[in-house]
Amino acid sequence: VFLGNGPSGICLSYLLSGYIPYFKRDSLHPHPILQRKLEEAPDVSILDQDLEYLSEGLEGRSHSPVALLFDTLQRPDTDFGGTAESVLTWWHETDRAIPHLVLGRNAPGGAWHSIEGSMVTLSRGEWMGLPDLPFKDWLKQKRRGLRNNRATAEDIAHYYQHYVVRKGLQKNFRCGTVVTSVRKVSAESISNHAQEDLQENSDSLCNFNEKSTEVFQVDGFFKTVKGDKEPFSIYAENVVLATGTCDSPTWLGVKGENLSYVHHQLSALEEAVKNNSIGIMSDPVLIVGAGLTAADAILFAHHCNIPVIHVFRRRVTDPGLIFNQLPKMMYPEYHKVHQMMKEQSAACAGPYECYVSLPEHHVLSFGKDKKCIFQDKNGYQKAYKISMALVLTGSNPNLSFLPNNGIDLAMDSDQPVNPKRNPIDVDPFTYECTQEKGLYALGPLAGDNFVRFVQGGALAVASALLKKANKNPP
């Protein structure tokens, strides 16, 4: 059972549906050592090879060796601006399929369905694609091209839905489901009558390995077309957590943050503009944060001529600031925001009207009179009257369905799970949780935050599950 039907869940479903990757004969990979390793066993699928051996020595923009391996097999020279074809060929071996269910709240594609459709992705469009169906090719069929090599969120959401249908994976997906609990139970205590499943041929999920003494019980409810909630319980030997990270926006934890004019999602600003509750003559909108969501909010407000006060803790020149890591040519709009942040501080008026930047400041409190108090690095305080506040400082995953909110599974088991600072502790070559056998974590939960790199985790899990199920060829 997988929890989450975003890119991680879709990719893993593809691999577990019997689609097996092999090294394409006569292919030439630009990495000579990897090429030599691939030539050693051309008739053995990548899933059945030693992933640690294949990924050894690879370098790139991910900390996960398997993520780098699968990425470079699919897009061999993409980091150097190349367009070399994948060195993989895919065979459909139905006898190696493993029965599974993918549970998700929305349509396949996960959080991509809740992002403003016209938003352009940070990653290049071709990096958003899934195995054996390049995103670029799909876009061409729609007679469209990539803008500045990047894609809109709406296109990506549609592509993921199309992928599930095109690859025949629909039977594994159950949308409109909410999981409320995942816990280990004794296998003996489960009678087959207790198995209420969302699948017609549910007996396949009851066939536990005879050696299993414990299995996972997954409880939740299914939202019907009429809006009713139908409860379900599923029993599975293996559970994959692929729920992403967009569930719970981070709060600052300051006084007045729960007031009605303080919001934690960009959509609140879009809504306020749509219903004319703020406009050109309004008091400024406060935007807190220095990531890409905050930048999107600034661009949106700038486009609507709405005045902005922008508060963030870092220095503008801090190398950890995302803007200092993005190529200017590829991301002109984010470069523009960074320029505004540098040139338009409260200390010196710059060329941009309707925008004030307050670097190295933090919010002390929000008042009922819509007055907000900030403090700078020297302890000096300032007060501003604002129309609304957007606190856009990241988000945390919602793991309330796990015992102790999943904290026991994290790298630091004293702190909540956080994709960037405290991901779930997994084995790098199987993605199995080190603290809970049979439980796997993919995507942001395991520290992989880009679509191009979450797929390596799916490869690792599929390889591990095939070995477990003895579906690996000799």
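Predicted model only: the values in this text are computed from it and were never measured.

**Let's talk about the packing of aromatic side chains**
Then, number 1: For the structure on display, the rule yields nine aromatic pairs.
Then, number 2: Each ring, one from Y14 and one from Y163, has its centre 5.7 Å from the other, and the planes form 65°; the classification is edge-to-face. Taken together, the positions of Y14 in helix α1 (residues 7-16) and Y163 in helix α6 (residues 153-166) put the pair 149 residues apart, joining distant regions of the chain.
Then, number 3: Of the residues examined, Y14 reaches a relative accessible area of 0% and is grouped as buried.
Then, number 4: Taken together, the aromatic side chains of Y14, Y19, F70, W90, F135, Y159, Y160 and Y163 make up a single cluster linked through ring pairs.

**Quick word on the pairing of strand β19 (residues 381-385)**
Looking along a regular strand, one sees side chains alternate from face to face of the sheet.
Then, number 1: As paired strands, strand β18 (residues 371-376) and β19 are joined by five bridges and run antiparallel to one another. Considered in β19, the bridge of C372 is made with Y384.
Then, number 2: Counted between consecutive antiparallel strands, the loop separating β18 from β19 contains four residues, among which G379 sits at a positive phi close to 95°.

**Quick look at the side chain of E432**
Then, number 1: Take E432: it is sitting in the loop between β21 (395-396) and β22 (439-441).
Then, number 2: Residue classification places E432 among the buried positions, given a relative accessible area of 14%.
Then, number 3: Once residues within four sequence positions are removed from consideration, E432 is found in contact with D425, V426, D427, K437, G438, L439, Y440 and K468.

**Things to note about the pairing of β18**
Then, number 1: By the bridge criterion, five bridges tie strand β17 (residues 361-366) to β18 in an arrangement that is antiparallel. Of the residues in β18, the one forming a bridge with F366 is C372.
Then, number 2: Counting the residues in the hairpin turn of β17 and β18 gives four residues, including K370, whose phi is positive at 65°.

**Focus: the nonpolar core**
Then, number 1: Counting residues in hydrophobic clusters, the biggest one holds 84 residues, and the most contacted among them are L3, L12, L103, V182, V218, L241 and I424.
Then, number 2: Sort the elements by how many residues they give to this core and helix α10 (residues 451-468) lands first, with 10 residues.
Then, number 3: Beyond its immediate chain neighbours, meaning those up to four positions away, L241 contacts L3, F401, L402, L409, I424, L439, Y440, A441, L442 and L445.
Then, number 4: Formed by 31 residues, the second largest nonpolar core is a distinct cluster that contains I287, A301, V316 and L321.

About the criteria used
- Residues numbered from 1 in each chain as written.
- Predicted model: local features only at pLDDT ≥ 70, side-chain atom pairs only at ≥ 80, totals over all residues.
- Heavy atoms only, no water.
- Phe/Tyr/Trp six-rings, centres within 6.5 Å; stacked < 30°, edge-to-face > 60°.
- Helix = DSSP H or I, 4+ residues; strand = E, 2+ residues; numbered from the N terminus.
- Buried < 20%, exposed > 50% of the residue type's maximum accessible area, 1.4 Å probe, protein only.
- Pairing = 2+ DSSP bridges.
- Contact = heavy atoms within 4.5 Å.
- Core = buried A, V, L, I, M, F, W, Y, C linked by side-chain atoms within 4.5 Å.

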